[in-house]
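One-letter residues, chain by chain:
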Amino acid sequence: MDVSASEKFYSDPSFTVFKVPKWRAYFYSFLSVKLWGNLPSNLQRRISKKYASLYDKPFSKRFIPTYLSVNYSDSSYLEKFRPPHGKPDYESFQDFFTREFKFLPKNESPWIWPCEGLLCDMDKVGAIKTVHVKCDERKVHTVFGVSEDSIPSNYTFTNVFLHNKNYHRIHSPVNGTISRIQHVPGDLIVLRPWIYVQNPSLPAFRNERYNIDITDELGRTWYLSIVGGPAVGTIKLNDTVSVGQKVEKMGELALFYLGSTCCMASPLVPRFHEKNTFVEVGASY
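Keep in mind the model is a prediction, meaning the values are calculated, not measured.

Draft legend 1. Region of interest: the sheet that holds strand β7 (residues 169-171). One open sheet holds the three strands; their spatial order is β7-β13-β11, and the pairing between them is antiparallel. Each having just a single partner strand, β7 and β11 (235-237) make up the two edges of the open sheet. If you compare each strand with its neighbour and ignore which way they point, the axes differ by 20 degrees on average. Bridging between β11 and strand β13 (residues 252-256) involves three bridges; their strand directions are antiparallel. Within β13, the position partnered with I235 by the bridge is F256.

Draft legend 2. Representation of empty space enclosed by the protein within the structure. Counted under the stated rule, the structure contains one cavity of 30 Å³ or more. Taken as a whole, the largest cavity spans an internal volume of roughly 30 Å³. In this structure, the largest cavity is lined by C120, N159, L191, P193, P200, S201, P203, A204 and T261.

Draft legend 3. Layout of the layout of surface pockets. Computed from the structure, the largest pocket encloses a volume of approximately 470 Å³. Together, 20 residues line the largest pocket, and S29, V33, V131, H132 and L202 are the ones closest to its centre. Taken together, the elements giving at least two residues each to the lining of the largest pocket come down to α1 (22-35), β4 (131-133) and α6 (202-206). Ranked by the residues each element gives to the lining of the largest pocket, the list is headed by α1, at six residues. For the lining of the largest pocket, a count of residues per class yields ten nonpolar, six polar and four charged.

Draft legend 4. Highlighting the pattern of salt bridges. For the structure shown, the criterion picks out 13 salt bridges. In this structure, the salt-bridge partner of D74 is K80, at a minimum N-O distance of 2.5 Å. Overall, the relative accessible area of 13% leaves K80 in the buried class. With a shortest N-O distance of 2.9 Å, R220 and D216 are connected by a salt bridge.

Draft legend 5. Looking closely at the packing of aromatic side chains. Scanning all chains against the criterion turns up 19 aromatic pairs. Ring centres of Y72 and Y77 lie 4.1 Å apart, and the angle between their planes is 15 degrees; on these two criteria the pair is classed as stacked. As far as burial versus exposure is concerned, Y72 and Y77 are alike and both buried. An aromatic cluster is present here, built from Y51, Y55, Y67, Y72, Y77, F81, F93, F96, F101 and Y167 joined pairwise through their rings. For R99, the ring lying beneath its charged end belongs to F96, and the centroid distance is 4.3 Å. Across from the ring centre of Y72, 5.1 Å away, lies the NZ or CZ of K165, which sits over that ring.

Draft legend 6. Representation of the side chain of D216 in the model. Mapped onto the elements, D216 comes out in strand β9 (residues 209-216). According to the relative accessible area criterion, D216 is buried, its value standing at 8%. Leave out the neighbours within four places in its chain, and D216 touches V174, N175, G176 and W222.

Draft legend 7. The arrangement of the environment of N211 in detail. Relative to the helices and strands, N211 resides in strand β9. A sequence separation of eleven residues divides N211 from P200, and the C-alpha atoms of the two residues are 19 Å apart. Separated by 3.1 Å, the side chain of N211 and the backbone oxygen of F144 make a polar contact.

Draft legend 8. Spatial organisation of a nonpolar patch on the surface. A contiguous nonpolar surface patch, about 620 Å² in accessible area, is contributed by W23, F27, Y28, F30, L31 and L35. For W23, a relative accessible area of 59% corresponds to the exposed category.

Draft legend 9. Structural view of the pairing of β13. The buried fraction of β13 is high, at four of five residues. The sheet contact formed by β7 and β13 spans three bridges and is antiparallel. Among the inter-strand pairings, R169 is bridged to a residue of β13, identified as L255.

Draft legend 10. Summary view of unusual backbone geometry. The residue H85 is not glycine, and still its phi comes out positive at about 60 degrees. Structurally, H85 can be placed in the loop between β1 (81-82) and α4 (93-97).

Draft legend 11. Up close: the confidence of the model for the chain. For the chain, the average pLDDT comes to 87, and 91% of its residues sit at 70 or higher. Within the model, the stretch residues 1-7 combines pLDDT values under 50 with 22 contacts to residues more than four positions away or in other chains.

What counts, and where the lines are drawn
- Residues numbered from 1 in each chain as written.
- Predicted model: local features only at pLDDT ≥ 70, side-chain atom pairs only at ≥ 80, totals over all residues.
- Heavy atoms only, no water.
- Pairing = 2+ DSSP bridges.
- Helix = DSSP H or I, 4+ residues; strand = E, 2+ residues; numbered from the N terminus.
- Axes fitted to C-alpha atoms, helices over the stretch in contact; angles between N-to-C directions.
- 1 Å grid on protein atoms, 1.4 Å probe; cavity = no way out; pocket = protein on both sides within 12 Å on 5 of 7 lines; lining within 4 Å.
- Points joined across faces, edges and corners; volume = space filled by probe spheres on them.
- Nonpolar A, V, L, I, M, F, W, Y, C, P; charged D, E, K, R; others polar.
- Salt bridge = Lys/Arg side-chain N within 4 Å of Asp/Glu carboxyl O.
- Buried < 20%, exposed > 50% of the residue type's maximum accessible area, 1.4 Å probe, protein only.
- Phe/Tyr/Trp six-rings, centres within 6.5 Å; stacked < 30°, edge-to-face > 60°.
- Lys NZ or Arg CZ within 6 Å of the ring centre and 35° of its normal.
- Contact = heavy atoms within 4.5 Å.
- Polar contact = N/O pair within 3.5 Å; in protein donor to acceptor, adjacent residues only side chain to side chain.
- Patch = residues over 30% accessible without salt bridge, like charges linked within 9 Å, V, L, I, M, F, W, Y side chains within 5 Å.
- Areas by Shrake-Rupley, 256 points an atom, 1.4 Å probe, with all protein chains shown as cover.
- pLDDT = per-residue confidence, 0-100.

Structure, rendered in structure tokens:
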């Protein structure tokens with residue numbers, strides 16, 4: 001079975017896993033968690049929204065050609081996509097950031113990756129460490145907003161970090177039915193996994209997120225958590241996403257306006273990818 005979605009849609013997977021010195025990682029973590037993270041969540045959102053609004057300004061579209069030349073080795077990369085919302089042209093950098101596929105990748109596998117980025121964390125649900133958040137001890141089930149016994153311990157937890165250069169739409173990993181949607185308010189601490197030496201998924205335990213459960217055709221639940229970060233103006237669910245709605249594999253679930261990470265608890269173990277490798281949206285899970 002082909003691991004990638006298709007050569008036609010290959011997503012320029014050059015991705016640097018930064019290996020910063022421990023002292024610097026701890027320093028960045030201190031700035032993110034202890035300083036920024038201790039600001040009231042509503043203040044974090046107001047600052048982030050104000051900053052994100054700059055990318056909606058018409059002048060910001062001037063940065064797109066330079067950004068492409070610096071970040072993509074594929075000179076025809078942008079030809080695979082189109083501007084969002086039916087626009088004829090990219091009117092701002094945010095339009096580029098929320099670009100759409102002209103044609104969705106196709107893959108015969110029944111299970112696919114829902115997004116594109118760095119697989120920064122992966123383990124059995126039962127093996128994921130607890131995290132202390134503002135004097136509160138949280139286990140992995142709190143990421144998905146469910147009770148502790150809801151997710152079997154033999155499920156696999158994955159966290160894909162979406163760098164700014166990555167495609168920022170989230171798709172359904174399976175054919176199934178949406179069984180739950182939940183919005184969890186929270187912080188917007190920095191997402192970059194290399195600054196959290198002991199736990200790259202720390203932001204998923206405390207940041208604002210949308211949780212979507214999908215029951216597949218075999219009756220198994222796939223848990224997705226779409227996590228925001230600093231400078232995230234909005235996490236927008238697709239208009240067709242609602243409880244009881246049937247979804248097809250690769251059906252769009254949500255998009256990010258800057259910054260993101262996507263966690264999933266699934267009944268299967270990824271067959272072709274290991275921690276700290278690049279995954280492509282639509283590739284075989």
